[in-house]
Structures are given as structure tokens and as C-alpha cells.
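# Geometric and topological summary
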Amino acid sequence: MYHYFNTNEIYNGIRIFIAAYVWMTGFGNFSYYYVKNNFSFMRFCQMMWRLNFLVLVACAVLSNDYMCYYICPLHTLWTLFIYVGLGVKKNMNSTKLGITIKFILLFASVYIIWDIEGVWDIVFTPFRYLLRYRNPHTYETNDMGEWHFRSALDRYVWIFGMFCAYNFPNFERFIYWVENQSVTKHIAIKGLLFTIVTVGFYFYVQGIYLLPKVEYNALHPFTSFIPIFIYIFYRNFTPRLRAQHNALFCWLGKITLETYILQYSVWLHTGHPNYQPKQILNVFKGYPLMNFAILSLGYIFLSYRAFHLTGDLRDALIVNDTNKLAWNLAKVLVSCLLLYVVGWSVRRVF
């Protein structure tokens, strides 16, 4: 919607929505690995396939850089951080001291890479071919600038997601403890918490959220957890609120990755490789509402189909047999290499 209607005035809100998406990467991955303790190669391949299969196909077909779909490398990066962080010395995950040490090390790693000058370049320059963005709208010589900007914006919020996942049982116990108190005590505790959170929300909006784009971006990495925490608080304030959910949003949430990738080709129109989606795909000229309604239905349908096709191919190729899995991955890599050579040859000739 942000790109479709060019609603630049809600830029800060979009940044929070993306931060919430990254937060869920931390929450979901931590919950799985901490509870299941499954760090198998098969599981790793399943995650990488889910995050990158469709986007790599889109890049190959449309000649776009991987960074055109920056959400995918962003989630891939933080998923790798979590996988390695919890998978190395995984016996430490079962103790409070061990998991605390891992939280500190992950936080320190992010701080060192992004906040100490020069370290980021050392870490990511070897991956320049994959992470560069050659922006045709500008003459910037630093084609890694986009990746630096995007990766830095939400570099801490995924750790907050892990923290929330780890403390979820404690949070749940606290809620039940409050709601099992006498009516007077129950109302007093919730009233006090509601007042503190609401006052904090007001100062956040006035002091941070309403800042201009550049000033807001400077604070976003360190403050994006605030509106997420506030939403969690309000969402769980009463048993009735906790019991309600929107089934449509729940369903759409499963295909969010596909809707993000396909918006550039189905809903919107870029015109040239690596262009940003500044144009609306206009099939029914002169009928903007009809164009929006029909293309939106097709867009959602194709995203839904892409989601299931990605899952079906994943289940067929990534199997619980190490030798067969390695053979399947080798065939995929060879096939991709051959297709790349054919495509390169065709472009050179024509």
C-alpha cells in the first residue's frame, strides 16, 4: 500500500511494520530452536529455501539485484545469526547463564560489526557481488550503501524478538498472576501499568515517531522495540483481547514474503531492472478502482500459489536423508549454473 499509493507521510510507520517483521524473525526462530533443539542441515536448508527460492527466481527472470528485495537478505542474515548463535555450544541453551551469555555475545557482535567504524566493510565486502545494489536512478559509486542502510536500520530488534520469546513463559505467568488477584488489586495493577505504558507511548510518538524521515532513521535502530512492546502490552491487556484475532490477516501473514516479492511485478511496475516500484501496473486505463480491485485479487492469488509451490518444491528436494539431500542440492546448483550460462549466452548474442 505504501508503494501503491505513494504515501510517503507514513514512512515512519512503515519502518515500524518492517521492524515488527524482523522482530518476528527473532521470536519465531528462537522459539523453534530453543524448544525443538533441531539444528540439522535439513532444517537449515528448509529455512534458506523458504527465504530465498522465489526471490532468486525473480532476480534471474527480471535481471534485478538481490538487494532489490532487501527483506530477503535481511531475514536471511538474522536467521543465520540466530542459527549460529543458538547452534554453537547448544548445551548452553538449557541454562539461564548460558542463554544470557549468548544474548550478550549476539548483541556485542552486532555492535562491533555495525557501530565500530570499518568492521562492517571487512565483514560484508567479500559478499559484494551478492549484496550490491546498482541503483540506475543515481550515480553513487558505493553500491553497498543500500545494504549498509537496510541492515543497520533493524540490527537490534531481532534480538528483542529473541528476548521476548525466551521470556514468554514468565510474561504469561505474570499475566495469570495479576488476573487471579482480587478485583481491587487486579484493577490497581493493570491501571498502573496501563497508565505507565500509555504515557510512555505518548512521549514516544511526540519525541520520536513524528520526527522527519532522516532524524527518525537515526533513532529507529534503538527505539523500534518501543512500539512493538506497547502493541504486545495492549494486545494482551485482557483475556478477551487475547482471545480475538483477524482470520484474514492471519492467512495473509503466511504469504507475506510472496506478496512482498511479487508486488514489484504483479501489482506495480518498475519498467527496467533494478528500478524502484514507482509506477502502477495499469491494465484497465481510466478505471483506477477496477484496476486496483482486479489486480489485487490476481496479486493475492499468485502470491498464494507461489507460497504453495515453494513449499511443494522444498518438500520434494529437501528430504530427511543426508546423501539424497546433498544430491538434490547438487542437481539444483548444476541446473542453475547451466541456465545462467544459457541466459548469458542469449543476452550476448541478441
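Up top is the structure.
Predicted model only: the values in this text are computed from it and were never measured. (Residues numbered from 1 in each chain as written. Predicted model: local features only at pLDDT ≥ 70, side-chain atom pairs only at ≥ 80, totals over all residues. Heavy atoms only, no water.)

### Let's talk about a nonpolar patch on the surface
The following threshold applies: The patches reported here contain residues having more than 30% relative accessible area and no salt bridge. Joining distances are 9 Å for like charges and 5 Å for nonpolar side chains (Val, Leu, Ile, Met, Phe, Trp, Tyr). Each accessible area is a Shrake-Rupley result for a 1.4 Å probe, and residues are judged covered by the shown protein chains and nothing else. A carboxyl oxygen of Asp or Glu within 4 Å of a side-chain nitrogen of Lys or Arg is what we treat as a salt bridge. Secondary structure elements follow DSSP: runs of H or I of four or more residues count as helices, runs of E of two or more count as strands, with numbering from the N terminus.
Residues Tyr-129, Leu-337, Tyr-340, Val-341 and Trp-344 make up a contiguous nonpolar surface patch of roughly 620 Å² in combined accessible area. The element best represented in the nonpolar patch is helix H17 (residues 322-349), accounting for 4 residues. By the element assignment, Tyr-340 lies in helix H17.

### A short note on the packing of helix H10 (residues 183-209) against helix H11 (residues 213-223)
Definition in use: For helices, the axis comes from a line fit to the C-alpha atoms of the stretch in contact; other axes are also lines fit to C-alpha atoms, and the angle between any two N-to-C directions lies between 0 and 180 degrees. Comment on the angle field: the value is read as roughly parallel under 35 degrees, roughly antiparallel over 145, roughly perpendicular from 65 to 115, and oblique elsewhere. Here, residues are in contact when the closest pair of their heavy atoms is within 4.5 Å.
For the pair H10 and H11, interaxial distance at closest approach is 11 Å and the crossing angle is 140°. Taken together, the axes of H10 and H11 are oblique relative to one another. Of the residues in H11, those touching H10 at Tyr-204, Ile-208 and Tyr-209 are Tyr-216, Leu-219 and Thr-223.

### A word on the pattern of salt bridges
Pairs can form between side chains of opposite charge once their charged atoms are near each other. Evaluation of the coordinates by the stated rule reveals 8 salt bridges. Within this structure, Glu-179, Lys-190 and Arg-242 form a network of salt bridges that share partners.

### Focus: the layout of surface pockets
Here is the rule we go by: A pocket here means an open set of points on a 1 Å grid, computed over the protein atoms alone, that has protein on both sides within 12 Å along at least five of seven lines. A cavity is instead a set of points where a 1.4 Å probe fits but cannot get out; residues with an atom within 4 Å of a point line either one. Grid points are joined across faces, edges and corners, and a volume is the space filled by probe spheres set on the points. By the convention adopted, Pro, Cys, Tyr, Trp, Phe, Met, Ile, Leu, Val and Ala count as nonpolar, Lys, Arg, Asp and Glu as charged, and the other residues, Gly among them, as polar.
Approximately 2,000 Å³ is the volume found for the second largest pocket. Taken together, 45 residues line the second largest pocket, and the ones lying closest to its centre are Leu-56, Val-57, Cys-59, Ala-60 and Leu-130. At the level of secondary structure, the elements contributing two or more residues to the lining of the second largest pocket comprise helix H2 (41-62), helix H3 (71-87), helix H5 (119-124), helix H6 (128-131) and H17. Taken together, the residues of the lining of the second largest pocket break down into 32 nonpolar, 7 polar and 6 charged.

### Some details on empty space enclosed by the protein
For the coordinates displayed, the defined rule picks out 2 cavities of 30 Å³ or more. Looking at the largest cavity, the residues that line it are Met-67, Cys-68, Tyr-70, Tyr-133, Glu-146, Arg-150, Tyr-264 and Gln-276. Considering only residue class, the lining of the largest cavity consists of 5 nonpolar, 1 polar and 2 charged. The wall of the second largest cavity is formed by Asn-64, Cys-68, Tyr-69, Tyr-264, Thr-270, Asn-274, Tyr-275 and Gln-276.

### Concerning the side chain of Thr-79
With respect to the helices, strands and loops of the structure, Thr-79 is situated in helix H3. Non-local contacts of Thr-79, meaning those with residues more than four positions away in its chain, are made with Thr-25, Asn-29, Met-47, Met-48 and Leu-51.

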